[in-house]
Structures are given as structure tokens and as C-alpha cells.
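Architecture and fold: a report
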Amino acid sequence: MQYLEIAKIINTHGLLGEVKVLCNYYGQKFTKWKTNQVVYLKNDNDYQPLTISKVRPHKKFLLITFETYNKIDAVLFMKNKSLVIVDEQNSGDANFSFQNLIGYQVINNANQGVLGKIVALIDNNHTGLWQVDNSEGKTFYVPNNQFFITKVDDKNKFVYLNLISGMFNYE
């Protein structure tokens, strides 16, 4: 199973088991922050399912209560842990069309040249970045933005990009 990180539990909030959650780029696009939605708490290599019983916005955070966790002592262990979703849960959701691109070749739209391979997705709490490594060992970053990304070919595992000056500067 593949998991997509969507948020991080920053702290507890109050005495009734509520946690303060900071969403990353994918978590902000996650349209199912609602009651009875199942998310997973990442605890090292273990994924514990949690069902949301209450969710509400608070400043730039979400305040979430999970079923069966109704006291502060029960949620203290969650602090600084990540919330993830199962990739298959959202395979049809357009908001999650980019997370499986690791390993895809990046192609320059202008000359059809290979620029490198996507090796990581980086959350910067805005648009997200793709880390692209080329055959010379150089690393570049591409914003997860439709201005740059013109086509994703899942069959051949290619991503086609419009480049701007200096984006892939090899000097």
C-alpha cells in the first residue's frame, strides 16, 4: 500500500482529546476533512487508522477529534506525527494526480530532451516541488504548477515541461 502524507499533528488543543493539525500542500487540497473520514497516523513504519469525529478550522490549522480519543492523555503520543491517507482511497480524485510521479522521466517540451528523473516530492506548504535529478548528478526543483507541467504520460512514465530561463541551468 502507498500512503500520501497530508498533514502533521502539531500539538494537542484543550483537555478533550482535540489535536492541532497543520496541513501540507496535499492536505490543503484534501477535500474529505469531514466526520467519519478515515486517516492514518504514521508512527515509524506503522500506520494506525483514525476516524475523524469532529473537525473545525482554527487560524491556519485544523482542530480534529478522533473517535475513541476524548482525553488529552490519549492523544499526547500523536504530537509531531504525520497524518496520511491510503493512495487507493483517492485514485479518482484529481487533487492527487501528482503523488505517483516518482521515477518518471522529465522531458523538455521544446526539444523533447530528457532533463532527468523525479526522485522526490517536497512539501513547501504552497504548491509543492518535484525534485529532479539528472544523469550528471545535479538536482533541480520544479514547482507543482500547471504552467510548467503540460502533459503527464502514465503509460510511458514521462512528464513534459515548459521551461523558463534558468530553470534547468547546467552551468
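To keep things clear, this report deals only with the structure shown in the data block.

**Topic: the sheet that holds strand β5 (residues 61–66)**
Strand order in this closed barrel of 6 strands is β1-β2-β5-β4-β3-β6, and the pairing throughout is antiparallel. Each strand axis lies, on average, 50° off the axis of its neighbour in the sheet, ignoring direction. Strand direction decides the pairing type here: strand β3 (residues 38–43) and strand β4 (residues 46–58), joined by 6 bridges, are antiparallel. Bridge pairing links Asn43 to Asp46 in β4.

**Topic: the environment of Val75**
Here Val75 is to be found in helix α2 (residues 72–75). When sequence neighbours within four positions are dropped, the list of residues in contact with Val75 reads Thr12, Gly17, Glu18, Val19 and Tyr69.

**Some words on the side chain of Asn134**
In this structure, Asn134 sits in the loop between β9 (129–133) and β10 (139–143). Using a relative accessible area of 10% as the deciding quantity, one classes Asn134 as buried. A polar side-chain atom of Asn134 sits 3.0 Å from the main-chain amide nitrogen of Gly137.

**Some details on the nonpolar core**
Ile6, Trp33, Val39, Phe66, Met78 and Leu83 are the most contacted members of the largest nonpolar core, which has 22 residues in total. Of all the secondary structure elements, the ones that give two or more residues to this core are β1 (3–13), β2 (18–23), β3, β4, β5 and β6 (82–86). Here this core takes 4 residues from β1, the largest share from any one element. Ranked by size, the runner-up nonpolar core spans 15 residues in total, among them Leu101, Trp130, Val159 and Phe168.

How each quantity is defined
- Residues numbered from 1 in each chain as written.
- Predicted model: local features only at pLDDT ≥ 70, side-chain atom pairs only at ≥ 80, totals over all residues.
- Heavy atoms only, no water.
- Pairing = 2+ DSSP bridges.
- Helix = DSSP H or I, 4+ residues; strand = E, 2+ residues; numbered from the N terminus.
- Axes fitted to C-alpha atoms, helices over the stretch in contact; angles between N-to-C directions.
- Contact = heavy atoms within 4.5 Å.
- Buried < 20%, exposed > 50% of the residue type's maximum accessible area, 1.4 Å probe, protein only.
- Polar contact = N/O pair within 3.5 Å; in protein donor to acceptor, adjacent residues only side chain to side chain.
- Core = buried A, V, L, I, M, F, W, Y, C linked by side-chain atoms within 4.5 Å.

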